[in-house]
Amino acid sequence: MFSYTTGGPFGLEDMVTTSGPGMTLIYLLVLPFFWCIPVSLVSAELTTAMPVEGGFYRWTRAAFGDFWGFLAGWWNWSASFLLGGAYAVLFTDYLVYYFPGITGWKHYLVSVALIGVITWINVRGIQMVGQVATALEIFIFVPVMTMIVIAFMNWHHNPFVPLIPPHQPTFKIFGVGLALGLWLYSGYEQLSTVAEEVENPQRAYPRALALVVPLSIAAYFLPTLAGLASAGEWQNWHTGFFSDAARLIGGRWLGTWMTLAAMVGFVALLNSTVLTTTRMPFAMAEDGYLPAALTRKHSRYGTPWLAIVVSAVIYALLAWQSLGQLISVYIWLRSATTVLTVLSAWKLRRTRPDMPRAFLIPGGHLGLVYVVAAPVVMALVALLGSDRYAVIGGAIAMVLGPIVYGIVAFTSR
């Protein structure tokens with residue numbers, strides 16, 4: 001779960017130059033209370049109540065019917081195309097630290113090759129994915145923790161200054177920067193899609209969420225605070241700068257080590273992304289919304305291999321876009337899916353109160369209002385602050401959902 005939701009601090013660097021160092025640190029501390037904490041509480045309750053393959057897609061369908069259930073699944077699957085492509089791009093961006101000549105078609109080819117390797121691992125099954133993810137995360141944390149310790153011993157700058165960048169357009173500070181923050185803290189409902197493949201999900205999911213949420217906050221906040229306090233140079237924080245910050249803090253050896261950790265981090269994120277999102281087309285195909293061929297399982301490993309391969313091909317087609325473009329559109333689809341997920345918790349409490357729930361959102365009625373209202377408000381704020389590219393791309397991506405549903409409904413008559 002940590003591998004999917006966080007992986008490491010890498011990829012947030014653009015927030016510093018877009019929203020400012022002070023606002024970035026505030027975002028990293030405050031956003032969880034409006035985004036990942038309420039979503040994780042909803043996910044814990046509904047996973048214990050309905051531990052089914054497809055997770056939140058089937059929760060939404062049970063709460064609001066076929067149309068909204070389909071949209072939750074379709075929007076999530078569409079969002080995964082952007083996410084898978086983004087992680088492959090980020091991996092190659094960091095690889096350029098070692099091989100500056102990897103540009104243009106070479107950059108794209110490396111991204112596609114990574115997607116191919118991760119696809120093979122996922123076809124092998126969830127156990128192998130989990131073992132790979134665990135090994136990768138252990139490898140990532142050692143250099144990150146080393147950098148934090150050295151940086152705090154060499155504190156030279158006020159990491160909160162300036163609060164926001166001078167002369168920066170408002171939509172970038174509160175739109176693009178906020179979208180990046182929501183991306184960082186997204187995905188806490190995603191592991192529900194493989195609930196049937198997890199041992200004792202009623203016990204495992206709440207425990208995992210309770211551990212992962214604070215660990216994720218620390219994994220983002222502490223390296224960013226340490227890097228700004230020691231290395232400074234907030235104007236130069238762009239994708240890949242954690243390597244430069246590590247080099248400035250501890251020397252070339254630490255910069256090289258951090259670069260390798262970042263590359264491993266994006267491998268871990270892509271690995272777990274393929275695992276969670278490819279079960280969505282499988283579940284939707286089982287329900288008759290997508291071609292039945294996507295329900296085919298591997299004869300040896302029992303995984304939905306065709307759904308995995310089809311998704312990976314689309315990831316590869318999008319691996320030439322920049323991170324900012326991919327994430328700005330992704331957050332529209334992710335926000336819509338998250339809103340449907342939290343609304344499903346409210347609806348199912350009303351329509352199916354007798355459903356056995358091993359975990360209940362704490363706080364009674366007020367707790368339920370909090371976990372629903374906070375993500376809805378945050379999603380609206382992020383979407384209102386979107387730039388033109390995100391508005392156009394996000395709107396098109398969302399409208400495709402009802403269009404596809406209409407086609408499916410018409411052809412199935």
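About the thresholds
- Per chain, residue numbering runs from 1 following the sequence as it is written.
- Local features in a predicted model are, by the rule used here, given only for residues with pLDDT of at least 70; side-chain atom pairs are given and counted only at 80 or more, and totals for whole chains, interfaces and linings are based on all residues.
- Only hydrogens and water are set aside; all other atoms, that is, all heavy atoms of the structure, feed into the side-chain values.
- Here a cavity means grid points, on a 1 Å grid over the protein atoms only, where a 1.4 Å probe fits yet cannot get out; a pocket means an open set of points with protein on both sides within 12 Å along at least five of seven lines; lining residues are those with an atom within 4 Å of a point.
- Grid points are joined across faces, edges and corners, and a volume is the space filled by probe spheres set on the points.
- Secondary structure elements follow DSSP: runs of H or I no shorter than four residues count as helices, runs of E no shorter than two count as strands, and numbering proceeds from the N terminus.
- Each residue gets one label: Ala, Val, Leu, Ile, Met, Phe, Trp, Tyr, Cys and Pro are nonpolar, Asp, Glu, Lys and Arg are charged, and the others, such as Gly, are polar.
- Multiplying 1.5 Å by the helix residue count minus one yields the expected span of that helix.
- For each residue, the accessible area found with a 1.4 Å probe, counting protein chains only, is set against the maximum for its type, and the residue is called buried under 20%, exposed over 50%, and partly exposed in between.
- Pairing of aromatic rings covers Phe, Tyr and Trp, the last counted by its six-membered ring, and requires centre-to-centre distances within 6.5 Å; plane angles under 30 degrees mean stacked, over 60 mean edge-to-face, and any other angle means tilted.
- By convention in these notes, a salt bridge is any Lys or Arg side-chain nitrogen within 4 Å of a carboxyl oxygen on Asp or Glu.
- For helices, the axis comes from a line fit to the C-alpha atoms of the stretch in contact; other axes are also lines fit to C-alpha atoms, and the angle between any two N-to-C directions lies between 0 and 180 degrees.
- An angle below 35 degrees is treated as roughly parallel, one above 145 as roughly antiparallel, one from 65 to 115 as roughly perpendicular, and anything else as oblique.
- We call a crossing left-handed when the near helix sits turned anticlockwise from the far one by less than a right angle, and right-handed when that turn is clockwise.
- In this analysis, two residues are considered to be in contact whenever any of their non-hydrogen atoms come within 4.5 Å of each other.
- Throughout, nonpolar core names a set of buried Ala, Val, Leu, Ile, Met, Phe, Trp, Tyr and Cys residues whose side chains join them through atoms within 4.5 Å.
- One confidence number per residue, pLDDT, is output by the predictor and ranges from 0 to 100.

> Tell me about the layout of surface pockets, and name the residues and values.
In this model, the largest pocket occupies a volume close to 770 Å³. Lining the largest pocket we find 27 residues, and of these Met1, Gly130, Leu191, Val198 and Ala208 sit closest to its centre. Elements supplying a minimum of two residues to the lining of the largest pocket: helix H1 (2-5), helix H8 (126-152), helix H10 (201-230) and helix H12 (252-277). Among the elements that line the lining of the largest pocket, the one with the most residues is H8, at 10 residues. Among the residues making up the lining of the largest pocket, the classes are represented as 18 nonpolar, 6 polar and 3 charged.

> How would you summarise helix H4 (residues 36-49) if you had to cite specific residues and measurements?
With 14 residues, H4 extends 20 Å between its outermost C-alpha atoms, agreeing within 8% with the 20 Å of an ideal straight helix rising 1.5 Å per residue. Summarising burial for H4: 14 of the 14 residues are buried, a large majority.

> An account of the packing of aromatic side chains is needed here, citing residue identities and associated values.
In total, this model carries 19 aromatic pairs according to the counting rule given. A centroid spacing of 5.2 Å and a plane angle of 75° characterise the contact between phenylalanine 67 and tryptophan 68, whose relative ring orientation is edge-to-face. Residue classification places tryptophan 68 among the partly exposed positions, given a relative accessible area of 37%. With 5.7 Å between their ring centres and 45° between their planes, tyrosine 94 and phenylalanine 266 make a pair best called tilted. Residue tyrosine 94 is located in helix H6 (residues 66-95), and its partner phenylalanine 266 is located in helix H12; the two are separated by 172 residues in the primary sequence. Note on tyrosine 94: relative accessible area 2%, which makes it buried. Take phenylalanine 266: its relative accessible area is 0%, and that puts it in the buried class.

> Give me the lowdown on the pattern of salt bridges, citing residues and values where you can.
Tallied over the full model, the rule gives 8 salt bridges. Among the ionic pairs, arginine 247 bridges to aspartate 244, the shortest N-O distance being 3.6 Å. Here arginine 247 pairs with aspartate 244, and both are found in helix H11 (residues 241-250), just 3 residues apart, close to one helical turn. With a relative accessible area of 34%, arginine 247 lands in the partly exposed category.

> Quick one: what's the story with the packing of H6 against helix H14 (residues 305-317), residue by residue and with numbers?
Between H6 and H14, the least distance of the axes is 8 Å, while the angle of their chain directions is 55°. As judged from the angle between their axes, H6 and H14 are oblique. Where H6 crosses over H14, the handedness of that crossing is right-handed. In this structure, H6 uses Trp77, Ser80, Phe81, Gly84 and Gly85 to contact H14, whose residues at the interface are Val310, Ser311, Ile314 and Tyr315.

> Lay out the nonpolar core in plain terms, naming residues and giving numbers.
Ranked by size, the top nonpolar core spans 138 residues in total, and within it Phe10, Trp183 and Tyr185 carry the most contacts. Apart from the residues lying within four places of it in its own chain, the contact partners of tyrosine 185 are Tyr27, Leu28, Leu31, Pro32, Trp35, Cys36, Ile217 and Tyr220.

> For the confidence of the model for the protein, give the residues involved together with the corresponding values.
The pLDDT averaged across the protein works out to 86; a share of 97% of its residues lies at or above 70. At the low end of the mean pLDDT range in the protein sits helix H9 (residues 170-184), at 78; at the high end sits helix H3 (residues 21-34), at 94.

> Could you give an account of the environment of arginine 352, naming the residues involved and the relevant values?
On the secondary structure map, arginine 352 appears in the loop between helix H15 (323-351) and helix H16 (364-384). The contacts of arginine 352, once residues within four sequence positions are left out, are Ala62 and Arg357.

> For empty space enclosed by the protein, give the residues involved together with the corresponding values.
For the structure on display, the rule yields 3 cavities of 30 Å³ or more. One number sums up the size of the largest cavity: a volume of about 110 Å³. Listed by contribution, the elements that provide at least two residues to the lining of the largest cavity are H1, H6 and H9. Of the residues assigned to the lining of the largest cavity, the class counts are 9 nonpolar, 4 polar and no charged.

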